[in-house]
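# Residue-level structural notes
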Amino acid sequence: NSSDFSPSFFILASIPGLEAAHFWMAILLCSLYILAVTGNCMVLFIVKMEPSLHAPMYFFLCMLAVIDLALSTATVPRILSFYWFNTKEISFSACLVQMFLIHTLSAIESTVLLAMAVDRYVAICHPLRHAAILTNAVTVKIGLVAMARGVIFFLPLPLLLLPLPFCSSRVLSHSFCLHQDVMNLACSNTTPSMVYGLTAILLVMGLDAVLICLSYILILKAVLRLASWKERLKVFSTCIAHIFVVLAFYVPLIGLSVVHRFGKDLAPLVHITMGNIYILVPAVLNPIIYGVRTKEIQRRILNLLHIYNN
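Source: prediction; values computed, not measured.

So, how was this worked out
- Residues numbered from 1 in each chain as written.
- Predicted model: local features only at pLDDT ≥ 70, side-chain atom pairs only at ≥ 80, totals over all residues.
- Heavy atoms only, no water.
- 1 Å grid on protein atoms, 1.4 Å probe; cavity = no way out; pocket = protein on both sides within 12 Å on 5 of 7 lines; lining within 4 Å.
- Points joined across faces, edges and corners; volume = space filled by probe spheres on them.
- Helix = DSSP H or I, 4+ residues; strand = E, 2+ residues; numbered from the N terminus.
- Patch = residues over 30% accessible without salt bridge, like charges linked within 9 Å, V, L, I, M, F, W, Y side chains within 5 Å.
- Areas by Shrake-Rupley, 256 points an atom, 1.4 Å probe, with all protein chains shown as cover.
- Salt bridge = Lys/Arg side-chain N within 4 Å of Asp/Glu carboxyl O.
- Buried < 20%, exposed > 50% of the residue type's maximum accessible area, 1.4 Å probe, protein only.
- UniProt positions renumbered as here; feature names shortened; annotations may be inferred.
- Contact = heavy atoms within 4.5 Å.

Right, let's talk about the layout of surface pockets for a bit. Considering only enclosed or pocket space, the largest pocket measures out at about 770 Å³ in volume. Forming the walls of the largest pocket are 26 residues, and the residues nearest its centre are Gln180, Leu198, Ile201, Ser257 and His260. Listing elements by their share of the lining of the largest pocket, those giving two or more residues are α7 (179–183), α8 (191–224) and α10 (240–262). It is α8 that provides the largest number of residues to the lining of the largest pocket, a total of nine residues.

See below:
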């Protein structure tokens, strides 16, 4: 049926043949979600309660925690509702709102990761000027710029989809809404929406990735000028946590983009799994990575556990 219409709802994707396993898949997702919420809330609590952590690097970490909490909460409860209660339908307006939140929050997270890379560059290459350059006021302004940048670049995405007619097929490729996924269901010319979406991603995530790589090239040049390998390793070790967090964000993002671009013939399980990894893996891993790599956070967690056990 090729008739066009404005849909009142879309149908979230399920994995053919695995409907009976939805309950257990939801248990796994719920466990990861609880882990993400607990870990990120703990990071926020520790930084708030520990005056020695009131510094730009940890404020950026708090921004990441808030973004991960918002992103996972905007998607996972709806996915759990689908798996547990078989509520496959999501309204058109709710889908557009969810899509806007996912892309905007991802853009904000990318900007914060870039800011953290700049923080590491200044701390290593210009240590005497670090406190003067990255003050708390500057950190707050960077957070506001990151929010504005995400909203400005990605607000047009749902607006470009609003006037489009859609075909009779309303089945998405994921259990949440993404721009390219929704756009592919439209019957009319989607070139403006496709071009703008690609341009926004390249100008935000793509540019941020290039600048992060440039920051680390400059950091490596500064580290290699140090006299001993022991000193080099000690200085560069301050960047390890950030490097892992960057990989936890960009690898699932690139993987999901590749699946959308080249994986149309892949099994639905691949699309749904990559989508869930993109949503949950950074939120789960970020607090774990910084908890393992940051002695101040480790010490505070151990103190909390000691108080709780007593």
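On we go.
Here we take up a nonpolar patch on the surface. Side chains of Phe23, Trp24, Ile27, Trp84 and Phe85 sit close together on the surface and give an oily, nonpolar patch of about 570 Å² of accessible area. Put simply, the parts of the chain that give the nonpolar patch at least two residues each are α1 (22–49) and α2 (56–85). Tallying contributions element by element places α1 first for the nonpolar patch, with three residues. Topologically, tryptophan 84 is positioned in helix α2.

The residue asparagine 86 is not glycine, and still its phi comes out positive at about 60°. Looking at the element boundaries, asparagine 86 is found in the loop between α2 and β2 (89–91).

Quick look at the pattern of salt bridges now. Per the counting criterion, the structure on display carries two salt bridges. Here arginine 120 and aspartate 119 are joined by a salt bridge, their closest N and O atoms 3.0 Å apart. On the accessibility criterion, arginine 120 (11% relative accessible area) is buried. Of the charged contacts in the structure, one is a salt bridge between aspartate 208 and arginine 149, with a shortest N-O distance of 2.9 Å. Taken together, the residues aspartate 208 in helix α8 and arginine 149 in helix α5 (residues 136–154) connect sequence positions 59 residues apart. Accessibility expressed as a relative area gives 16% for arginine 149, which makes it buried.

A few words on the UniProt feature "domain: G-protein coupled receptors family 1 profile" (unreviewed entry) in the protein chain. Per the UniProt annotation, the sites labelled "domain: G-protein coupled receptors family 1 profile" (unreviewed entry) are residues 39–290. Split by type, residues 39–290 is 78% helix and 1% strand. Its first and last C-alpha atoms lie 10 Å apart.

With that out of the way, let us pick up the environment of glycine 291. When you line up the elements, glycine 291 lands in helix α11 (residues 268–293). With a relative accessible area of 13%, glycine 291 lands in the buried category. For glycine 291 and methionine 42, which are 249 residues apart along the polypeptide, the C-alpha to C-alpha distance reads 9.8 Å. Not counting residues within four places of it along the chain, the set of residues in contact with glycine 291 comprises Ile297 and Gln298.

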